[in-house]
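Listed below, chain by chain, are the residues.
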Amino acid sequence: MKIVHHPDSATLVSYAAGNLDEGFATLVAAHIASCEKCQAALREIERVGGALLDTVDATPMSPTALERTLSRLDSETADEHRAPRTNGEKRPDLPAPLARLLKGGLDDIAWKTVAPGVSKHPLPVSRAARSRLTLLKIAPGTKVPDHGHGGMELTLVLKGSYCDAFGRFAPGDLADLDEHVEHQPIVDSPEPCVCVVATEAPTRFKNVFGRILQPIVGI
Ligand SMILES: [Zn+2]
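Residues numbered from 1 in each chain as written. Predicted model: local features only at pLDDT ≥ 70, side-chain atom pairs only at ≥ 80, totals over all residues. Heavy atoms only, no water.

Asker: A description of the overall build of the protein chain should follow, citing residues and the corresponding values.
Answerer: A tally of regular secondary structure across the protein chain gives 6 helices and 11 strands. Looking at the protein chain as a whole, 47% of its 219 residues are labelled buried. Across the protein chain, contacts joining residues at least 24 apart in sequence account for 69% of those joining residues at least 6 apart. When the accessible area of the protein chain is evaluated, it comes to approximately 11200 Å², of which 54% is carbon and sulfur surface. (Helix = DSSP H or I, 4+ residues; strand = E, 2+ residues; numbered from the N terminus. Buried < 20%, exposed > 50% of the residue type's maximum accessible area, 1.4 Å probe, protein only. Contact = heavy atoms within 4.5 Å. Areas by Shrake-Rupley, 256 points an atom, 1.4 Å probe, with all protein chains shown as cover.)

Pasting the structure below:
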């Protein structure tokens, strides 16, 4: 698996600090389980964070230390990092943080069709969670309506692939979008694209079809 798309540095820092809500933290953990680059980035963030804490009462670190580290992580090329996926033995199609949330594998899911070519299945989150986790299965060639976001949105591809203005997203790739982004993904794989989406607020579709679809799809 060649992973090209990773969480933003800010998202990784929030994850390391324990500041991501449950659904987002689960998706980032699932990506990191498959991604050596983010495993290394996380270690570096924790090292810098620990060093910052150690120096609170001693000589202050350069105030730009963290930024320099993060920009270095951003500038690393994806080709340097090809990681095997770490899966549960019984469910090779799911990273462990997601496998915990499903009784079976992806083939055992009772998908609910919510629109032509689009099925979904909610994943459990705790009552206190302010985010939602939803598995989506989207048929080849299906174009998801153009939409903006009510807040942060993370998407992790598990099977198949899709394209949008940010590139091609294949298994292991994570799309890290904020509320200012609008995009229109289209599934370009011969098999359905299965992905899991973490959202914090209802998605705002722009066109009529999308507005009709939104309460049905419910993400
Ligand atoms: Zn990564």
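Asker: Which residues make up the sheet that holds strand S2 (residues 118-123), and what values do they have?
Answerer: Working definition: the strands of a sheet are paired by backbone hydrogen bonds and lie parallel or antiparallel to each other. A sheet is described by the order of its strands in space; here 6 strands give the open sequence S1-S2-S3-S10-S5-S8, paired in antiparallel fashion. The open sheet is flanked by strand S1 (112-115) and strand S8 (174-177), the only strands paired with a single partner. Direction aside, neighbouring strands of the sheet carry axes that sit 30° apart on average. Here 3 bridges tie S1 to S2, and the two strands are oriented antiparallel to one another. Looking at S2, one finds that Ala115 is bridged to Val118. Along the sheet face, helix H2 (residues 22-34) touches strand S3 (132-138), strand S5 (153-159), S8 and strand S10 (193-199) and points at about 40° away from the line of S5. (Pairing = 2+ DSSP bridges. Axes fitted to C-alpha atoms, helices over the stretch in contact; angles between N-to-C directions.)

Asker: Quick one: what's the story with the coordination of the zinc ion, residue by residue and with numbers?
Answerer: Surrounding the zinc ion are the protein donor atoms His6 (ND1), His31 (NE2), Cys35 (SG) and Cys38 (SG), which sit 2.0 to 2.3 Å from the metal. Each of the 4 donor atoms around the zinc ion contributes to a set of angles spanning 95 to 115°, which defines the coordination as tetrahedral. Of note, the zinc ion draws all its donor residues from one chain, in the sequence arrangement H-x24-H-x3-C-x2-C. (Donors = N, O, S within 2.8 Å, 3.2 Å for Na, K, Ca; no water. Tetrahedral: all angles 85-135°; square planar, octahedral: opposite > 155°, others 65-115°.)

Asker: Provide a residue-level description of the pattern of salt bridges, including the pertinent values.
Answerer: With the rule as written, the count across this model stands at 3 salt bridges. Among the ionic pairs, Asp188 bridges to Arg168, the shortest N-O distance being 2.8 Å. With Asp188 in the loop between strand S9 (186-187) and S10 and Arg168 in strand S7 (residues 167-169), this pair connects stretches of sequence that are 20 residues apart. (Salt bridge = Lys/Arg side-chain N within 4 Å of Asp/Glu carboxyl O.)

Asker: So what about helix H3 (residues 36-54)? Which residues, and what values?
Answerer: Its 19 residues place the ends of H3 27 Å apart at the C-alpha level, agreeing with the 27 Å of an ideal helix rising 1.5 Å per residue. For H3, the set of buried residues is Lys37, Cys38, Ala41, Leu42, Glu44, Ile45 and Val48. In an axial view of H3, the angular spread of the buried residues amounts to 165°, which keeps them on one side of the axis. Of the exposed residues in H3, those oriented more than 90 degrees away from the buried face are Arg43, Leu53 and Asp54. (Expected span 1.5 Å × (residues − 1). Arc of directions from axis to C-beta.)

Asker: Give me H2: which residues, what numbers.
Answerer: Given a rise of 1.5 Å per residue, 13 residues ought to cover 18 Å, and the 19 Å separating the end C-alpha atoms of H2 matches this to within 8%. Extensive coverage of H2 is indicated by the burial of 11 of its 13 residues.

Asker: Can you lay out the side chain of Asp164 for me, pointing to particular residues and giving the numbers?
Answerer: Locating Asp164 in the fold gives a position in strand S6 (residues 162-164). No salt bridge is formed by the buried Asp164. Its closest oppositely charged neighbour is Arg168, at 11 Å. In terms of polar contacts, Asp164 uses its side chain to reach the backbone amide nitrogen of Phe166, at 2.8 Å. Every residue in contact with Asp164, bar those within four places of it in the chain, is listed here: Phe169, His183, Gln184 and Pro185. (Lys, Arg positive; Asp, Glu negative; His and termini not counted. Polar contact = N/O pair within 3.5 Å; in protein donor to acceptor, adjacent residues only side chain to side chain.)

Asker: Tell me what's going on with the sheet that holds S6, and back it up with residues and numbers.
Answerer: Pairing within the open sheet is antiparallel, and its 3 strands lie in the order S7-S6-S9. Of all strands in the sheet, those bounded by a partner on one side alone are S7 and S9. Relative to S9, S6 runs antiparallel, the two sharing 2 bridges. Counterpart to Tyr162 in the pairing with S9 is Val187.

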